[in-house]
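# Descriptive analysis of the structure
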Amino acid sequence: MIIARSAQELKDALALKTGSIGFVPTMGALHIGHRTLIDAARKENDTVVVSIFVNPTQFLPGEDLSKYPRREEADFKICELSGVDILFYPDAGGMYGEDEVRMCAPDVRGFILEGASRPGHFDGVLTVVMKLFNIVSPTRAYFGKKDAQQLALIMQMVNNFFMKIEIVPMDTVRENDGLALSSRNVYLSPAERQEALKLSAALKSATKMVMQGNINSADIKANMETILAPLNVEYVVIVNRGFESIENVAIGDTIILVAARVGVTRLIDNVWM
Ligand code: AMP
């Protein structure tokens, strides 16, 4: 595995490769969720590039940028064992200069839910993904459905800017007890981890209601809010794939999303129907 620490090093490494490139952008502290994306990229492409970059522009002032888990040695090992060809591991100075051109998230879809809770977050995400796409020039890029709004905005960016990259959405990987894997789970104390199970429990209960024929969004939401009540809930929404609120769940075109704080840790989860 080649470790490229600058855009130039990455371009030099890629110049020696032929065929398709599968790309998995991450912020590190890799877990089985990331691993699933890497495995898919490995199966479907000649070359696999993973980036590990804790992107400062997507963190708001006061968020966990400096505390965000960093696991350099373990991450390198995981990439190597997963058959990654090139690991891109830049520092912030190599990715950003001063007073740069930036991407802006779209007004409506970029400023609801995560965009409302974390204004500016998606501008940072789109900016870094645009930079990464331009350095890597991937054939396919792999993103988790767990970050549903991020996935939708990246798909929109690729579309709006006529970029020739296939975005591959990947299902959320969970612990056996339902907790969605996240690098931020390391912040949870054992007691908080138990509390965090309420997110997946609420989504599971919502799925059960739909299976039993109750597709009314208000009923489903009320039930979820009861389960989530002890937590500091930021939002529970039932939307279509275009992120518009819907009165009834429509199988094949619905996402139910939740964001809540467990102690000081902010967690998100969702289910696609
Ligand atoms: P992050 O390192 O948190 O920026 O995540 C990098 C990529 O992994 C993103 O596309 C995430 O959506 C995806 N991802 C994070 N957690 C999971 C999970 N539990 N299952 C599947 N994909 C995930």
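Located above this text is the structure these notes cover.
Described in the following lines is the structure provided in the data block. Predicted model, so just to flag it, every value in this text is computed and none were measured. (Residues numbered from 1 in each chain as written. Predicted model: local features only at pLDDT ≥ 70, side-chain atom pairs only at ≥ 80, totals over all residues. Heavy atoms only, no water.)

### Considering the environment of Met209
Note that Met209 resides in helix α8 (residues 190-211). Distance in space between the C-alpha atoms of Met209 and Leu257 is 15 Å, their sequence separation being 48 residues. When near neighbours in sequence (up to four residues on either side) are disregarded, Met209 contacts Asn214, Asp219, Ile220 and Asn223. (Helix = DSSP H or I, 4+ residues; strand = E, 2+ residues; numbered from the N terminus. Contact = heavy atoms within 4.5 Å.)

### A look at the sheet that holds strand β3 (residues 47-52)
Overall, parallel pairing links the 6 strands, which are arranged β1-β4-β3-β2-β5-β6 in an open sheet. One side of each edge strand has no neighbouring strand; the edge strands of this open sheet are β1 (2-4) and β6 (166-170). With strand direction ignored, the average angle separating the axes of adjacent strands in the sheet is 25°. The sheet contacts of helix α6 (residues 121-136) involve β2 (21-26), β3, β4 (86-88), β5 (140-144) and β6, and relative to β2 the element is tilted by about 150°. Taken strand by strand, helix α7 (residues 148-160) contacts β5 and β6, and its axis lies near 170° from that of β6. (Pairing = 2+ DSSP bridges. Axes fitted to C-alpha atoms, helices over the stretch in contact; angles between N-to-C directions.)

### With respect to the sheet that holds strand β9 (residues 265-272)
Pairing in this open sheet of 3 strands is antiparallel, and the strands run β7-β8-β9 from one edge to the other. The strands lining the two open edges of the sheet, one partner per strand, are β7 (232-239) and β9. In this sheet, adjacent strand axes meet at a mean angle of 10° when their direction is disregarded. Bridge count between strand β8 (residues 255-262) and β9: 8 bridges; the pairing is antiparallel. Counted as the bridge partner of Leu257 is Asn270 from β9. Sheet strands touched by helix α9 (residues 217-228): β7 and β8. Its angle to β7, the strand with the most contacts, is close to 160°.

### Considering the pattern of salt bridges
A complete count under the given rule lists 14 salt bridges for this structure. The partner of Glu166 in a salt bridge is Arg140, and the shortest N-O contact between them spans 3.2 Å. On the criterion of sequence distance, the pair formed by Glu166 in strand β6 and Arg140 in strand β5 is long-range, its members being 26 residues apart. Note on Glu166: relative accessible area 45%, which makes it partly exposed. Ionic contacts of the salt-bridge type, sharing partners, join the residues Glu114, Glu234, Arg261 and Arg266 into one network. (Salt bridge = Lys/Arg side-chain N within 4 Å of Asp/Glu carboxyl O. Buried < 20%, exposed > 50% of the residue type's maximum accessible area, 1.4 Å probe, protein only.)

### Some words on the pairing of β2
Of all 6 residues making up β2, 6 are buried, and the element is well covered by its neighbours. What you see with β2 is no split at all: Ile21, Phe23 and Pro25 on one side and Gly22, Val24 and Thr26 on the other are buried throughout. In this sheet, β3 lies alongside β2 in parallel orientation, the contact comprising 6 bridges. Note that in β3 the partner of Phe23 across the bridge is Val49. Chirality of the crossover, the property in question, places the unit of β2, helix α2 (residues 32-44) and β3 among those that are right-handed. Of the pairings in the sheet, the one linking β2 to β5 comprises 2 bridges and is parallel in character. Across the sheet, Gly22 pairs through a bridge with Arg140, a residue of β5. (Right-handed = clockwise from strand over helix to strand, strands pointing away.)

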